[in-house]
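Understanding the architecture of this molecule
The residues making up each chain are set out below.
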Amino acid sequence: MIGRKSLITKKDEMNRLSSKVKLFLDLYDLLYKENTMLPSVTSNDSRYLTADNTPLGRTPSPIRGQSTRIVVQDGGRGQCLTTPSLSPENVFRKLSDETLSTPTNHKKINASPTIENLELFREKKVDEDLRLVSQKVVDLQVFINHLPKGGDTHCHLTGTVEIKEYLEFAVKDDLYFEEETFTFFRKKDENQYKSCQSASVIYDNIHLQTRLKEKATLRGREHPENKSLANEFFKTFSVFESIERYMGLTDLLTPLLIAYSSQKDTLYVEVSKGCEFNLPNTKSENELEADIKLYLRNFPESDFFADKVEFKETLLTKLKIMNQMLSKKVKKYIDYINAAEQTPECLLKLGFQSSLFSLDNPVVVRLNVDINRELPLPEFFLDLALGFMIADQELRSKNPRVLGIVISGIEHNFRSLKNKKAQHKMISFFAQIYPEVGISLHAGELTESLVAEIDMKNAISSAIKEASPKRIGHAVCLKHEEDVDKVVRKLLKNNICIETCLSSNENTLSITNGHHPFKEYLSRNVAVTLNTDDAGVNGTSIRAEFLKAFERYNLSYFDFKNLARNQIRYCFLKGDEIYKPGSY
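Residues numbered from 1 in each chain as written. Predicted model: local features only at pLDDT ≥ 70, side-chain atom pairs only at ≥ 80, totals over all residues. Heavy atoms only, no water.

To continue, consider the overall build of the chain. A tally of helices and strands in the chain yields 25 helices and 15 strands. With 584 residues in all, the chain has 55% of them scored as buried. When contacts within the chain are restricted to residue pairs at least 6 apart in sequence, long-range pairs at least 24 apart make up 73% of them. Element-wise, carbon and sulfur atoms account for 48% of the exposed surface of the chain, whose accessible area totals about 26,400 Å². (Helix = DSSP H or I, 4+ residues; strand = E, 2+ residues; numbered from the N terminus. Buried < 20%, exposed > 50% of the residue type's maximum accessible area, 1.4 Å probe, protein only. Contact = heavy atoms within 4.5 Å. Areas by Shrake-Rupley, 256 points an atom, 1.4 Å probe, with all protein chains shown as cover.)

This is how it looks when you write it as structure tokens:
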């Protein structure tokens, strides 16, 4: 492990370090912050107290230059050693002679008295204490609450915001709604609904509140036996989107950042937000603009991309036709982000800087452009072009706010399945033009209840081979790969991270416990992160995901540290590595 001091010896050099390095250092501070390692509720439990009633495990980090007082449990016998007058080096020599007991093994520490070894010793103690606190539900929850999570990088912005926040905006903006579908609108904008009510009436009607929650979230929804809630998941977005169309980016990000900053355990959030080109919806070619008419004429079908090389020239030609219109759309999206640059007063009070996208904010937020795989190929290609062009333009700026693209949508949709190879070829086409743009691809989000075996076969390996993503979302159908070992080797060789979303996979795919490949990826040293995949819809949080992972898979403190640091290591912020994989 690299000491923090060695990274900040030169102030001017530190100023030139990348944003990713800064996040690594912030996470380092969180991991070694006093009282972070153990929950405060254990302070009254004699099992967790030292001889002088100090809560076990609350030893200050030796790297931070604080007190040299080290407290440890002696051999698991309930007695404790305190050494207020010894240096860390002498303490370590003394502790090295003690036999430490853990629930799984008994072994001596034989190592030199270095800062790294002191940290390793402390890590082992925290893991031992984790086993103790896990015996009590409340203690375990508080431990998880204190544990730094690193970030949350698999979030679709529209579904991440809680429905109560949407309702608050709807009331403030004097929106109306239609009770059957819970579609919200400004009264002057819609004439199709014969009966509508003011959004404000929902506050006074618990029946309407219950129905709204049922329409907009999976929270508390019971799972039908052997059936997923995938379709219900995607239906919720129509409610959110009917309100979101009236909201600015600041309105969407503010409640999200308030929630994360109040927890004080998450440093970084990457959310995806769509930018649809929206081709005119008309069947009459005469009504189309000349450029659009030319673009759509003879646009290749999915079969065209199967084995041919000339598809690149065809796509370049189509891209040139739409270049002027695409540039206007890019500017519109950048203007949308610019409007959110100034931090609202409520966040300033929480320690945020004047810029909502400052790297010095308590929670750093960045955007990716969401691309819907369910679209027809001509529209998918234009949305893909928009996403890459927006991210590329932002990445050229001093403080980029958009870092990459996310390919999402219903993977088991018939059009998605038919166009998969063509879409992968398109992604690869743009990746060669814009190599700095981050690519996150949802792949392998499939089960037998949704598609046939043939559609799951090699879903992950084909995504790796054809689209070259930097992160893969879900990847749960690993067992349907022809050669699992080969897939794992590809993931390791290409340094690809798997974005795991336990609650989402449980809700939409009915995948739990041993049926989920999360532990398989961990055991094979594949980089993995834990994510919410839309906290508002799934009724979860990053804390809940960490707790669920521990309860299901009996994770160690070392596993938790890896999961937290992977969020920073595999985020799309540019920067150098501090920690080597598996060494932290």
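Looking now at empty space enclosed by the protein. Scanning all chains against the criterion turns up four cavities of 30 Å³ or more. Empty space within the second largest cavity amounts to approximately 100 Å³. It is helix α17 (residues 414-433) that contributes the most residues to the lining of the second largest cavity, five residues altogether. When its residues are assigned to classes, the lining of the second largest cavity shows six nonpolar, four polar and four charged. (1 Å grid on protein atoms, 1.4 Å probe; cavity = no way out; pocket = protein on both sides within 12 Å on 5 of 7 lines; lining within 4 Å. Points joined across faces, edges and corners; volume = space filled by probe spheres on them. Nonpolar A, V, L, I, M, F, W, Y, C, P; charged D, E, K, R; others polar.)

The next point concerns the pairing of strand β9 (residues 266-274). Counted residue by residue, β9 has nine buried out of nine residues, so it is predominantly covered. Pairing of strand β5 (residues 150-156) with β9 involves five bridges; the strand directions are parallel. Along β9, the bridge assignment pairs G151 with Y268. Of the pairings in the sheet, the one linking β9 to strand β10 (residues 364-372) comprises seven bridges and is parallel in character. When the bridges of β10 are listed, G274 appears paired with D370. (Pairing = 2+ DSSP bridges.)

In this model, H474 sits at a positive phi of 80°, which is unusual for a non-glycine residue. One non-glycine residue, A475, lies in positive phi territory at about 50°. Here A475 is to be found in the loop between β13 (471-474) and α20 (484-493). Judged by its relative accessible area of 0%, A475 is buried.

Quick look at the pattern of salt bridges now. When their charged atoms lie close together, side chains carrying opposite charge are able to pair. In the structure shown here, the tally under the stated rule is 23 salt bridges. With a shortest N-O distance of 2.7 Å, E394 and R401 are connected by a salt bridge. Across this residue pair, the class does not change: E394 and R401 are buried. Between K421 and E466 there is a salt bridge, with the nearest N and O atoms lying 2.7 Å from each other. (Salt bridge = Lys/Arg side-chain N within 4 Å of Asp/Glu carboxyl O.)

With that settled, the discussion passes to the packing of aromatic side chains. In this structure the tally under the stated criterion is 19 aromatic pairs. Aromatic pair F429 and F430: ring centres 5.0 Å apart, planes at 75°, arrangement edge-to-face. Residue F429 shares its accessibility class with F430, and that shared class is buried. Taken together through their ring pairs, the aromatic side chains of Y295, F299, F381, F388, F429, F430 and Y434 make up a single cluster. (Phe/Tyr/Trp six-rings, centres within 6.5 Å; stacked < 30°, edge-to-face > 60°.)

It is worth spelling out the pairing of β10 at this point. Buried residues dominate β10, accounting for eight of its nine residues. Inspection of the sheet shows β10 paired to strand β11 (residues 402-408) by six bridges, in the parallel sense. Directly across from N368, in β11, lies its bridge partner G404. Read from β10 through helix α16 (residues 377-395) to β11, the crossover connection turns out right-handed. (Right-handed = clockwise from strand over helix to strand, strands pointing away.)

So, about the sheet that holds strand β8 (residues 197-198). With antiparallel pairing, the three strands of this open sheet are ordered in space as β7-β6-β8. For this open sheet the edge positions go to β7 (183-185) and β8, each flanked by a neighbour on one side alone. Pairing between strand β6 (residues 176-178) and β7: three bridges, direction antiparallel. Across the sheet, residue F177 finds its bridge partner in β7, namely F184.

This part covers the environment of E545. Topologically, E545 is positioned in helix α24 (residues 542-553). Look at E545 and you get buried, because its relative accessible area is 0%. For the pair E545 and T500, spaced 45 residues apart in sequence, the C-alpha separation works out to 9.5 Å.

Now for the layout of surface pockets. Over the atoms rolls a probe the size of a water molecule, and in doing so it shows where empty space is left. Space inside the largest pocket adds up to approximately 1,100 Å³. E241, K273, G274, C275 and E276 are, among the 39 residues lining the largest pocket, the residues nearest its centre. Classifying every residue of the lining of the largest pocket by side-chain character gives twelve nonpolar, 13 polar and 14 charged.

Attention now goes to the side chain of S242. Secondary-structure assignment places S242 in helix α10 (residues 237-244). Looking at S242, the relative accessible area reads 6%, which means it is buried. Polar contacts involving the side chain of S242 include one to the main-chain amide nitrogen of F184, which spans 3.1 Å. Setting aside residues up to four positions removed in sequence, S242 forms contacts with F182, T183 and F184. (Polar contact = N/O pair within 3.5 Å; in protein donor to acceptor, adjacent residues only side chain to side chain.)

Every α-helical turn comprises 3.6 residues, leaving residues that sit three or four positions apart pointing alike. Between its first and last C-alpha atoms α16 spans 27 Å; for 19 residues at 1.5 Å apiece the expected length is 27 Å, and the two agree. Counting buried positions over the 19 residues of α16 gives 17, a clear majority of the element. (Expected span 1.5 Å × (residues − 1).)

Here the focus is the nonpolar core. Buried together is how nonpolar side chains tend to be arranged in soluble globular proteins. Counting 143 residues, the largest nonpolar core has F184, L253, L384 and F518 as its most contacted members. Of all the elements, α16 adds the most residues to this core, at twelve residues. Among residues more than four places away in sequence, those in contact with F518 are T500, L502, V528, L530, A549, Y553, L555 and L563. Residues L446, M456, A459 and C477 belong to the second largest nonpolar core, which totals five residues. (Core = buried A, V, L, I, M, F, W, Y, C linked by side-chain atoms within 4.5 Å.)

What follows is about the environment of N505. Position of N505 relative to the elements: it lies in helix α21 (residues 502-509). Filtering out sequence-adjacent residues up to four positions away, N505 remains in contact with H474, V476, S510, I511 and H516. A distance of 2.9 Å separates polar atoms of two side chains, one belonging to N505 and the other to H474.

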